[in-house]
Amino acid sequence: MFTKNRSAKWIIGVTLIVSQTLATIHNIRINPHQVLWLCNITATLGIILLFTFRQRLFDLFVFFSWAGDILTLLIPDSVTLPSVDTYPVFWISYWLKHISPLVLTVYFFYHERRKISYQAITFVIGIMFTYTALIYVWDVIFDQNIMDLIEPTLDLERAFGSWPIYVFVDILIALVWFGAIYMLAVRLGFVARAKQKIL
């Protein structure tokens, strides 16, 4: 059983590594700034966790996967999505890059019995606010629109209103989503009950 589980982990892992590598190649060719999107950071966290488990990284990985990657699957008209007609290989890698982290979190929870830390939500929210602030500065300096912080690219965002209203709505939705993830994790027993050392 252990061998079988380990095999599953590395099937997921290789899929993630290959898809992230191909996606990065495509991003660099089209617009190198796109490597800063949250989904790329999430995929990188997953790759690191394949080789060495770190609790804080796992906390980030779980929340980023089940927020950002899920959102991408629910709202697939992203400006970063490669054209299936022009870039079919990169189109496939784009979706695998977003699906693999979700599957990997399930593996960690059920097969390695990992849990997110009891204070994970506050830690993740702090990191998310820091990341958002830094990306906004990056967008302004380099004339980019990473994380749609300068102008909306989705019809849903446009429905929220003009800048900065839609940005605040996006942030509010993210906070509610994080809260839902944490409550679901508690209900499923995926949150450590006692205070634990964070590596």
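Preceding this section is the structure that the text describes.
Parameters and conventions
Residues numbered from 1 in each chain as written. Predicted model: local features only at pLDDT ≥ 70, side-chain atom pairs only at ≥ 80, totals over all residues. Heavy atoms only, no water. Helix = DSSP H or I, 4+ residues; strand = E, 2+ residues; numbered from the N terminus. Rg over C-alpha atoms; globule rule 2.2 N^0.38 Å. Buried < 20%, exposed > 50% of the residue type's maximum accessible area, 1.4 Å probe, protein only. Contact = heavy atoms within 4.5 Å. Expected span 1.5 Å × (residues − 1). Phe/Tyr/Trp six-rings, centres within 6.5 Å; stacked < 30°, edge-to-face > 60°. Lys NZ or Arg CZ within 6 Å of the ring centre and 35° of its normal. Axes fitted to C-alpha atoms, helices over the stretch in contact; angles between N-to-C directions. Parallel < 35°, antiparallel > 145°, perpendicular 65-115°, else oblique. Left-handed = near helix turned anticlockwise from the far one by under 90°. Nonpolar A, V, L, I, M, F, W, Y, C, P; charged D, E, K, R; others polar. Core = buried A, V, L, I, M, F, W, Y, C linked by side-chain atoms within 4.5 Å.

Novice: Which residues make up the overall build of the chain, and what values go with them?
Specialist: A count of helical and extended segments in the chain gives 7 helices and 0 strands. From first element to last, N terminus to C terminus, the chain shows the α and β order α-α-α-α-α-α-α. The C-alpha atoms of the chain give 17 Å as radius of gyration, which agrees with the globular expectation for 199 residues (16 Å, within 12%). Overall, the C-alpha framework of the chain stretches about 50 × 35 × 25 Å when taken along its three principal axes. Counting all 199 residues of the chain, 42% fall into the buried class. Taking the intrachain contacts of the chain between residues at least 6 apart in sequence as the baseline, contacts between residues at least 24 apart amount to 71%.

Novice: Go over helix α5 (residues 120-142), please, and point to the residues and values.
Specialist: Residues three or four positions apart in an α-helix share a direction because the helix packs 3.6 residues into each turn. Across its 23 residues, α5 extends 32 Å between first and last C-alpha, which sits within 8% of the 33 Å expected from 1.5 Å per residue. Turning to α5, the residues buried within the fold contact α2 (38-51), α3 (55-74) and α7 (165-188). Phi for Asp 143, located one or two positions after α5, is positive at around 55°.

Novice: Before we move on, can you summarise the packing of aromatic side chains with the specific residues and values?
Specialist: Evaluated as defined, the whole model comprises 14 aromatic pairs. Aromatic side chains Phe 63 and Phe 178 sit 5.6 Å apart centroid to centroid with 85° between the ring planes, which places their arrangement in the edge-to-face category. Highlighted residues: Phe 63 in helix α3 and Phe 178 in helix α7, separated in sequence by 115 residues. Judged by relative accessible area, which is 0%, Phe 63 ranks as buried. Arranged with centres 4.2 Å apart and planes meeting at 5°, the rings of Phe 109 and Phe 190 form a pair that is stacked. In this pair, Phe 109 sits in helix α4 (residues 88-110) while Phe 190 sits in the segment after α7, placing the two residues 81 residues apart along the sequence. Both residues of the pair, Phe 109 and Phe 190, belong to the buried class. Among the aromatic residues, ring-to-ring pairing joins Phe 53, Phe 58, Tyr 107, Phe 108, Phe 109, Tyr 110 and Phe 190 into one connected group. The side chain of Arg 56 reaches across the aromatic face of Phe 123, ending 4.6 Å from its centre.

Novice: Lay out the packing of α2 against α4 in plain terms, naming residues and giving numbers.
Specialist: Contact pair α2 / α4: the axes reach a minimum separation of 10 Å and the direction vectors enclose 40°. The pairing of α2 with α4 is recorded here as oblique in orientation. Every pair of crossing elements has a handedness; the one defined by α2 and α4 is left-handed. For the pair formed by α2 and α4, the contact residues are Cys 39, Asn 40, Thr 42, Ala 43, Gly 46, Leu 49 and Leu 50 on the first element and Lys 97, His 98, Pro 101, Leu 104 and Phe 108 on the second. Partitioned by chemical class, the residues of the contact of α2 with α4 number 7 nonpolar, 4 polar and 1 charged.

Novice: Got a sec to walk through the nonpolar core? Specific residues and values, please.
Specialist: One finds Phe 58, Phe 63, Ile 116 and Phe 178 to be the most contacted residues of the largest nonpolar core, which totals 39 residues. Among the secondary structure elements, those contributing two or more residues to this core are α1 (2-30), α2, α3, α4, α5 and α7. Sequence-distant contacts of Phe 58, that is, excluding residues within four places in its chain, are made with Leu 49, Phe 53, Phe 108, Phe 109, Arg 114, Lys 115 and Ile 116.

Novice: Summarise unusual backbone geometry; cite the residues concerned and give the values.
Specialist: Trans peptide bonds make up the majority, and among non-glycine residues the majority have a negative phi. A cis geometry characterises the amide bond from Trp 163 onward to Pro 164, with omega recorded as 0°. Not every positive phi belongs to a glycine, and Asp 143 is a case in point at roughly 55°. Judged by relative accessible area, which is 67%, Asp 143 ranks as exposed. With a phi close to 65°, Met 147 is a non-glycine residue in the positive phi region. Mapped onto the secondary structure, Met 147 falls in the loop between α5 and α6 (155-160).

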